[in-house]
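Residue-level listing of the chains:
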Amino acid sequence: MSSALPALAALLACLTPAVPAGPDCTSCHGTPGEGPGPPAALGGVTDPASPGVGSHARHAAPNVSRAVPCTECHVVPAQVDDPGHIDTPWPAEVAWGELAAVGAAPFDAGALTCTVYCHSRLGAAEPEPEWIGGQVGCGSCHGDPPPPPHPVTSEACSSCHPGGGSGNPEAHVDGTLQLEVDGLACDTCHGGPDNAAPPLDTQGRDDTALVTVGAHQTHLAGGRFSAPVACATCHVVPGAVSDEGHLDAPPAEVRPGAGFDGARCDSACHAGPGASTPRPQWTVVDGSQARCGACHGLPPPDPHPQDDACADCHSTAGPDFTIAVPEQHADGVVDF
């Protein structure tokens, strides 16, 4: 009897249907051994012009960022028969994941366009890329460089973003702005080889008719009337690029004591008693506002003696109203 048991067991095994294992995702879509994302789509469709195929492969293996997981755009079921998976008509529902949902707008199923965080940053050339045939390149998803207050004087992205950008795909399009600016030279964003004052302004412009350029160099150069005016006279110069209030929209803030209204300045440097031009125009740099008598009377009004022999009392003044020692003129101290 015992010799018949193995034969009986084998017979029963043949007669008992095998219990199939749960199907793999690629049983219905995707490619076995490569992943569940189309191509192929449901029904075996592989045409990129089909909405079920579209840009799936480009998201699975992008060249400017790490791979985009399925969960960023779909609810991935734990089981094949989970509610909402195979119990609704094609196409698959779109549902944003944690990264894609940063500032996301809905997927337009009619136009087949997408405005999620990954594509619609400031200055993007393609803020609503097409799911079928949409282009991806530097400038498609954000400006190259982005618009103000981002500076445009340098296109060396890695100088401020050493940990991010397309040069490091794993840290690109990850929801975090990698910004390491401390240690940068001031003229990386504004100014030139001689000093950090405009021109150029942070947008790469050199037109003195712009308030962001104006008379910066006139003040910094000094001349026959005064010593050079330090940047800190009119601005709070940050100790580090990342200091609060520094990296913001132009124009730069001017110290309240300067009396600047966005066009003219009535600081003590210009608005002395009897000045003929007490509020000079910031964007006029033709020399017409820099003359004896522009900033104070020549001589000043009473109680100043009405005597134009300046050198008799002010030894720093020379004949014909020239300034013998510019470093001691317009320095906040009356040399008497």
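Since this is a predicted model, take the numbers as computed values, not measurements.

*Asks:* Please set out the overall build of the chain residue by residue, giving values where relevant.
*Replies:* The helix and strand inventory of the chain stands at three helices and zero strands. The N-to-C order of helical and strand elements in the chain reads α-α-α. Classification of the 336 residues of the chain by burial places 23% in the buried group. Considering only contacts in the chain between residues 6 or more positions apart, those separated by 24 or more positions represent 34%.

*Asks:* Give a description of unusual backbone geometry that names residues and reports values.
*Replies:* Going from proline 199 to leucine 200, the amide bond is cis rather than trans, its omega being 5°. For leucine 200, the location among the structural elements is in the loop between α2 (56-60) and α3 (216-221). Cis rather than trans, the peptide bond between aspartate 302 and proline 303 has omega equal to 15°. Topologically, proline 303 is positioned in the segment after α3. Phi is positive for valine 173, which is not a glycine, with a value near 55°. Here valine 173 is to be found in the loop between α2 and α3. Valine 173 gets classed as partly exposed once you look at its relative accessible area, which sits at 22%. Despite not being glycine, alanine 330 has its phi angle at roughly 55°, a positive value. Among the structural elements, alanine 330 can be located in the segment after α3.

*Asks:* How would you explain the packing of aromatic side chains if you had to name every residue and give the values?
*Replies:* The tally for this structure, following the rule as stated, stands at one aromatic pair. A ring pair is formed by phenylalanine 260 and tryptophan 282, whose centres lie 6.1 Å apart and whose planes are at 75°; its orientation type is edge-to-face. With phenylalanine 260 in the segment after α3 and tryptophan 282 in the segment after α3, this residue pair connects regions lying 22 residues apart in the sequence. On the basis of relative accessible area, phenylalanine 260 is assigned to the partly exposed category, the value being 27%. You can call tryptophan 282 buried: its relative accessible area is 17%.

*Asks:* Mind laying out the confidence of the model for the chain, listing which residues take part and the relevant values?
*Replies:* Across the chain, the average pLDDT comes to 83, with 89% of residues at 70 or higher. Note that residues 4-22 has pLDDT below 50 and, in this model, zero contacts with residues that lie over four places away or in other chains.

*Asks:* Explain the state of the cysteines to me, and be specific about the residues and the numbers.
*Replies:* One pass over the full model with this rule turns up zero disulfides. No disulfide involves cysteine 234; its nearest neighbouring cysteine sulfur is the one of cysteine 265, lying 6.5 Å away. The closest cysteine sulfur to the non-disulfide-bonded cysteine 292 is located on cysteine 310, 7.8 Å from its own sulfur. The partly exposed category is assigned to cysteine 292, whose relative accessible area is 31%.

*Asks:* Describe the pattern of salt bridges, and please don't skip the residues or the numbers.
*Replies:* Tallied over the full model, the rule gives two salt bridges. Across the pair arginine 205 and aspartate 201 runs a salt bridge, and its minimum N-O distance is 2.9 Å. With relative accessibility at 2%, the residue aspartate 201 sits in the buried group. With a shortest N-O distance of 2.6 Å, arginine 279 and aspartate 261 are connected by a salt bridge. Separated by 18 residues along the polypeptide, arginine 279 in the segment after α3 and aspartate 261 in the segment after α3 bring together distant segments of the chain. Judged by its relative accessible area of 33%, arginine 279 is partly exposed.

*Asks:* Now, about the environment of glycine 139: what can you tell me, with residues and values included?
*Replies:* Along the polypeptide, glycine 139 turns up in the loop between α2 and α3. A relative accessible area of 13% places glycine 139 in the buried class. With residues near it in sequence (within four places) discarded, glycine 139 still touches Gly123, Ala124, Ala125 and Asp144.

*Asks:* So what's going on with the environment of proline 250? Which residues, and what values?
*Replies:* Assignment of secondary structure puts proline 250 in the segment after α3. According to the relative accessible area criterion, proline 250 is partly exposed, its value standing at 36%. Dropping the residues within four chain positions of it, proline 250 is found in contact with Pro148, Pro149, Thr202 and Thr212.

*Asks:* I'd like a rundown of the side chain of serine 226, residues and numbers included.
*Replies:* On the secondary structure map, serine 226 appears in the segment after α3. In this view, serine 226 contacts Pro326, His329 and Ala330; residues no more than four positions away in its chain are not counted.

*Asks:* Could you give an account of the environment of alanine 324, with specific residues and numbers?
*Replies:* Relative to the elements of secondary structure, alanine 324 occurs in the segment after α3. Assessed through its relative accessible area of 51%, alanine 324 is described here as exposed. C-alpha separation for the pair alanine 324 and arginine 224, spaced 100 residues apart in sequence, amounts to 8.3 Å.

*Asks:* Hey, could you go over a nonpolar patch on the surface for me, with residue numbers and the actual values?
*Replies:* Taken together, the side chains of Leu177, Leu179 and Leu247 present a nonpolar region at the surface, about 310 Å² in accessible area. Structurally, leucine 247 can be placed in the segment after α3. Residue leucine 247 is classed as partly exposed on the basis of its relative accessible area of 48%.

Each value, and the rule that gives it
- Residues numbered from 1 in each chain as written.
- Predicted model: local features only at pLDDT ≥ 70, side-chain atom pairs only at ≥ 80, totals over all residues.
- Heavy atoms only, no water.
- Helix = DSSP H or I, 4+ residues; strand = E, 2+ residues; numbered from the N terminus.
- Buried < 20%, exposed > 50% of the residue type's maximum accessible area, 1.4 Å probe, protein only.
- Contact = heavy atoms within 4.5 Å.
- Phe/Tyr/Trp six-rings, centres within 6.5 Å; stacked < 30°, edge-to-face > 60°.
- pLDDT = per-residue confidence, 0-100.
- Disulfide = S-S within 2.5 Å.
- Salt bridge = Lys/Arg side-chain N within 4 Å of Asp/Glu carboxyl O.
- Patch = residues over 30% accessible without salt bridge, like charges linked within 9 Å, V, L, I, M, F, W, Y side chains within 5 Å.
- Areas by Shrake-Rupley, 256 points an atom, 1.4 Å probe, with all protein chains shown as cover.

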